[in-house]
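What follows is each chain in one-letter form.
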Amino acid sequence: MNATKPIEVLLVEDDPGDELMTREAFEDNKIGNTLHVVRDGEEALDFLYRRGAHQDAPRPDLILLDLNLPKYDGRQVLERIKADSDLTHIPVVVLTTSAAEEDILRSYRLHASAYVTKPVDLEQFIAAIRKIDDFFVTVVRLPRS
């Protein structure tokens, strides 16, 4: 079992409401993980490749990725991450409103670590984020970059 040590989490989310709920879940969970937020696929890649405004970005230990994003969608971002030998080891949890079977299959084919459909209810959404956070912090062993 991992000693619970804070991890760097990158949230790729264009919906301010979902971002706020995710922040709330992290704060309520009292875990010292750092949540970084980018709002579209292009900014996600800038963060991961440390370009532009993100030159000092840390390497995330976990990525929470929405599928429906402006510029590059989540599928394209996931494909880029998993095709890059420097990034492929980072677990990516697809966190999206889509329950479409084709999105689920495609995400796993692109090597997503997990696929979570966002609950509509606020309490369920926060509970889902907490479970993801708990799982990747206390249960799973993450590679140290």
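So, here is what we can say about the structure in this document. (Residues numbered from 1 in each chain as written. Predicted model: local features only at pLDDT ≥ 70, side-chain atom pairs only at ≥ 80, totals over all residues. Heavy atoms only, no water.)

This paragraph deals with the nonpolar core. By size, the foremost hydrophobic cluster in this structure holds 22 residues, and its most contacted members are L10, V12, I63, L65, L78 and I81. Counting only elements with at least two residues in this core, the list comes to β1 (8-12), α2 (41-48), β3 (62-65), α3 (74-83) and β4 (92-96). In this structure, I63 is in contact with L10, V12, L48, I81, I90, P91, V92 and V93, ignoring residues within four places of it in sequence. Of all hydrophobic cores here, the second largest spans 20 residues; its members include A25, V37, L64 and F136. (Core = buried A, V, L, I, M, F, W, Y, C linked by side-chain atoms within 4.5 Å. Buried < 20%, exposed > 50% of the residue type's maximum accessible area, 1.4 Å probe, protein only. Helix = DSSP H or I, 4+ residues; strand = E, 2+ residues; numbered from the N terminus. Contact = heavy atoms within 4.5 Å.)

Look at helix α1 (residues 16-28) against helix α5 (residues 122-139): their axes get within 9 Å of each other, and the N-to-C directions meet at 60 degrees. Between α1 and α5, the interaxial angle falls into the category oblique. In this structure, α1 crosses over α5, and the sense of that crossing is right-handed. Side by side, α1 and α5 meet where D18, M21, T22, E24, A25, F26 and D28 of the first sit next to L122, F125, I126, I129, R130 and D133 of the second. (Axes fitted to C-alpha atoms, helices over the stretch in contact; angles between N-to-C directions. Parallel < 35°, antiparallel > 145°, perpendicular 65-115°, else oblique. Left-handed = near helix turned anticlockwise from the far one by under 90°.)

Let us now look at the sheet that holds β3. Pairing is parallel across the open sheet formed by five strands, whose spatial order is β2-β1-β3-β4-β5. Since the sheet does not close on itself, it has two edges, and those belong to β2 (34-38) and β5 (114-117), each with one partner. Each adjacent strand pair in this sheet contributes to an overall mean axis angle of 20 degrees, direction not counted. (Pairing = 2+ DSSP bridges.)

With that settled, the discussion passes to the pattern of salt bridges. Enumeration according to the criterion identifies 10 salt bridges in this entry. Salt-bridge contacts for R23 lead to E19; the nearest nitrogen and oxygen are separated by 3.0 Å. With a gap of four residues between them, R23 and E19 both fall in helix α1, about one helical turn apart. In this structure, R75 and D103 form a salt bridge, with 3.0 Å as the shortest nitrogen-oxygen distance. In this pair, R75 is assigned in helix α3 and D103 in helix α4 (residues 101-109), connecting sequence segments 28 residues apart. (Salt bridge = Lys/Arg side-chain N within 4 Å of Asp/Glu carboxyl O.)

Looking at the element boundaries, D40 is found in the loop between β2 and α2. There is a polar contact of 2.7 Å between the side chain of D40 and the backbone nitrogen of E43. Not counting chain neighbours up to four residues away, the residues in contact with D40 comprise V12, L69, P70 and K71. (Polar contact = N/O pair within 3.5 Å; in protein donor to acceptor, adjacent residues only side chain to side chain.)

In terms of residue burial, β4 counts as a mostly covered element, since five of its five residues are buried. Once the chain exits β3 it traverses α3 before rejoining the sheet at β4, and the crossover so formed is right-handed. For the crossover that starts at β4, traverses α4 and ends in the parallel β5, the hand is right-handed. (Right-handed = clockwise from strand over helix to strand, strands pointing away.)

With respect to the element layout, D133 can be found in helix α5. Separated by 59 residues in the primary sequence, D133 and G74 have C-alpha atoms spaced 20 Å apart.

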